[in-house]
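# Fold and geometry: a report
Now for the letters of each chain:
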Amino acid sequence: MNQCCDIAIIGSGEAGIFAAYELVREHPALRVTVLEQGADIYSRTCPIVQGKVDHCIQCKSCGTMCGFGGAGAFSDGKFNFTTAFGGWLTDYMDSAEVMELIRYVDSVNVRFGATTELFSTTSPEAKALEREALKYDLHLLQAQCKHLGTENNLRILANIYEHLKERVDFHFHTAVEQIQAKPEGGYRLICDKGEFDCTYLIAAPGRSGAEWFANQCKGLDIPLINNQVDIGVRVELPAIVFKHITDVVYESKLIYRTKRYGDQVRTFCMNPYGHVVAENVEGINTVNGHSYSDPALRSENTNFALLVSNRFTSPFNEPYRYGKHIASLSNMLSGGVLVQRFGDLVGGRRSNDHRMSKSFVQPTLKAAVPGDLSLSLPKRHLDNIIEMIYALDKLAPGTANYDTLLYGAEVKFYSGRISLTRELETPLPGFFAIGDGAGTTRGLAQAGASGIKAARVILNRLDG
Ligand SMILES: Cc1cc2nc3c(=O)[nH]c(=O)nc-3n(C[C@H](O)[C@H](O)[C@H](O)COP(=O)(O)OP(=O)(O)OC[C@H]3O[C@@H](n4cnc5c(N)ncnc54)[C@H](O)[C@@H]3O)c2cc1C
């Protein structure tokens, strides 16, 4: 027999968790069910991290990306107080409302153990840095930021889980395969472990579930708006090269428009003293990075992404597939993540084990295979990235050193954006879509904020 609930939430990443939290906080009697294809926060594992294998074996559900806490669980938890990046929620509500939601998400995190320490953006040093960057046509976007730290992030999530598991019906290792709109109203979710009926549905499938979700939306005649894909590399260099920047603004974004193509390139996800990590998105290995707040766990390197944004025009409307295709070329050449020294790249040589052994910068991602990025990234992307590295070298001399490491490919997949109302509701009544999987956010703060927003809309309707 089908299981019934008032509200079903697909996915227990940041967006799904905060939606569930707000719903039961206001209405403890509501029957809220969360369906999650991954494991609970204590059981998430990756065979590479456990040392069982040295390359991605493409687990059915990736323990790094899926499970309670979603893609952000093992992130270093940079929580940005801004609407300037991290999502597009201001397309749906005004900026003041988004900021109120973000601050509320932060207050919940603090309740469950997050730090209250903020990195400010208004210091004279930060302003001086902004001015200095402008000399080289680099535009510094700044935000107030909290650094939760990977280990604290996990502890906060575990505390939230302990709180929620008494109030919410969690089903882990339960993948939703199909969403059906019932003729009499409400929704049916066909899962690999049975069927669930609900009055309201909140879909929060994140990037890992984005392709599946887009297909479900197509089947339900919910229009998809085209979205962008960001493709690039992860840069790793001695932390001292960027120290004068990362000491002043923890989470900065430097944006540059290349002279050659007029394309926008930006830095993203800066990890001082961090580690480069491999990430699996639906069977494709891409690269990412994180850093720990505990000094004992730090490396000597800083890493950050350099991304080139592409928006496609009609008739092509599958940027997601395009990004996956490019990442799969790096996978094909290296069996996983590829790494190359900047000097080898501009010199037209592949990096190999011998050359890497002479490098002054040693990769923190040991599993990366030395190779040639020019065989996997489109020329336009490579030219843009090289031009940006030379621009950054003026602000942070040493960035364009021979031994600066470039890992590929880093791809930021944004889900085809779902057509939504200002209340984050799809054209189907009572069916909400939130977080990265709906194409509306791309960071912890806005993902959590979108969950609170959907919950509040439902609560208003229940109260009304
Ligand atoms: C390595 C890494 C580092 C990051 N660092 C930061 C950072 O420092 N700061 C920041 O702001 N952001 C960071 N991000 C981004 C941030 O993690 C995401 O923006 C955020 O997690 C999005 O939340 P979400 O709930 O929308 O999706 P997710 O967190 O991806 O959660 C979606 C959940 O839905 C589940 N799911 C998907 N499909 C189904 C299905 N069919 N059935 C059942 N369950 C399903 C998935 O298993 C997953 O657990 C990072 C991301 C990564 C990968």
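Before any of the text, the structure's been laid out above.
Note that the coordinates shown come from a computational prediction; the quantities given were computed from them, not determined experimentally. (Residues numbered from 1 in each chain as written. Predicted model: local features only at pLDDT ≥ 70, side-chain atom pairs only at ≥ 80, totals over all residues. Heavy atoms only, no water.)

### A few points about the side chain of Glu410
By secondary structure assignment, the location of Glu410 is in strand β19 (residues 405-413). A polar contact is formed between the side chain of Glu410 and the side chain of Arg234, at a distance of 2.7 Å. Discounting residues that sit within four places of it in the chain, Glu410 has contacts with Asp230, Ile231, Gly232, Val233, Arg234, Val287, Asn288, Ala305 and Leu307. (Helix = DSSP H or I, 4+ residues; strand = E, 2+ residues; numbered from the N terminus. Polar contact = N/O pair within 3.5 Å; in protein donor to acceptor, adjacent residues only side chain to side chain. Contact = heavy atoms within 4.5 Å.)

### Considerations on the nonpolar core
One recurring pattern in soluble globular proteins: nonpolar side chains tend to sit buried together. If you look at the biggest cluster of nonpolar residues, it comprises 79 residues, and the most contacted ones within it are Leu23, Leu189, Ile202 and Phe431. Per-element tally for this core: the top contributor is helix α11 (residues 444-463), with 10 residues. In this structure Ile202 touches Ile7, Ala8, Ile9, Ile10, Ala19, Leu23, Phe432, Ile434, Ala454 and Ile458, once residues within four positions along its chain are discounted. Met65, Val308, Phe342 and Ile385 belong to the second largest nonpolar core, which has 50 residues in total. (Core = buried A, V, L, I, M, F, W, Y, C linked by side-chain atoms within 4.5 Å. Buried < 20%, exposed > 50% of the residue type's maximum accessible area, 1.4 Å probe, protein only.)

### Things to note about the site of the ligand
Taken together, 37 residues sit near the ligand, with Glu36, Ala71, Lys78, Asp436 and Leu444 positioned nearest. Here Lys78 contributes a backbone N or O atom positioned 2.8 Å from a nitrogen atom of the ligand. A distance of 3.0 Å is found between an oxygen atom of the ligand and a backbone nitrogen or oxygen belonging to Gly443. Notes on the ligand: free accessible area 1000 Å², of which the protein chains cover 95%. Counting residues per element, the ones that place at least two in the shell around the ligand are α1 (14-26) and α11. Residues of the shell around the ligand, tallied by class, amount to 13 nonpolar, 16 polar and eight charged. (Near = heavy atom within 4 Å. Areas by Shrake-Rupley, 256 points an atom, 1.4 Å probe, with all protein chains shown as cover. Nonpolar A, V, L, I, M, F, W, Y, C, P; charged D, E, K, R; others polar.)

### Concerning the sheet that holds strand β4 (residues 139-141)
The strands making up a sheet are joined through hydrogen bonds of the backbone, oriented either antiparallel or parallel. Across the sheet, eight strands lie side by side as β4-β12-β13-β16-β11-β19-β17-β18; this open sheet has mixed pairing. In the strand order of this sheet, the two ends are held by β4 and β18 (369-370), each with one partner. Relative to strand β13 (residues 264-271), strand β12 (residues 253-257) runs antiparallel, the two sharing three bridges. Among the inter-strand pairings, Ile255 is bridged to a residue of β13, identified as Arg266. Relative to strand β11 (residues 228-238), helix α6 (residues 239-246) is tilted by about 115°, and along the sheet it contacts β11, β13 and β16 (301-311). (Pairing = 2+ DSSP bridges. Axes fitted to C-alpha atoms, helices over the stretch in contact; angles between N-to-C directions.)

### Notes on helix α2 (residues 95-111)
In this model α2 runs 24 Å from its N-terminal to its C-terminal C-alpha over 17 residues, within 8% of the 24 Å that 1.5 Å per residue would give. Restricting attention to buried positions, one finds in α2 the residues Val98, Met99, Leu101, Ile102, Tyr104, Val105, Asp106, Val108 and Asn109. Lining the buried residues of α2 we find α1, β3 (78-81), β5 (144-147), α4 (150-164) and α11. Immediately downstream of α2, the backbone of Gly113 shows phi near 115°, a positive value. (Expected span 1.5 Å × (residues − 1).)

### Digging into the packing of aromatic side chains
In this structure the tally under the stated criterion is 13 aromatic pairs. Their ring planes at 70° and their centres at 5.9 Å tell us that Tyr161 and Phe172 sit as a pair that is edge-to-face. One end of the pair, Tyr161, is in helix α4; the other, Phe172, is in the loop between β6 (169-171) and β7 (176-181), with 11 residues separating them in the sequence. Residues Tyr161 and Phe172 agree in their burial class; the two are buried. An aromatic cluster is built from Tyr42, Phe68, Tyr161, Phe170 and Phe172, whose rings are joined through pairwise contacts. Note that Arg456 overlies the ring of Tyr104, its terminal NZ or CZ placed 4.8 Å from the centroid. (Phe/Tyr/Trp six-rings, centres within 6.5 Å; stacked < 30°, edge-to-face > 60°. Lys NZ or Arg CZ within 6 Å of the ring centre and 35° of its normal.)

Note that all results are geometric; they support no functional claim without further evidence.
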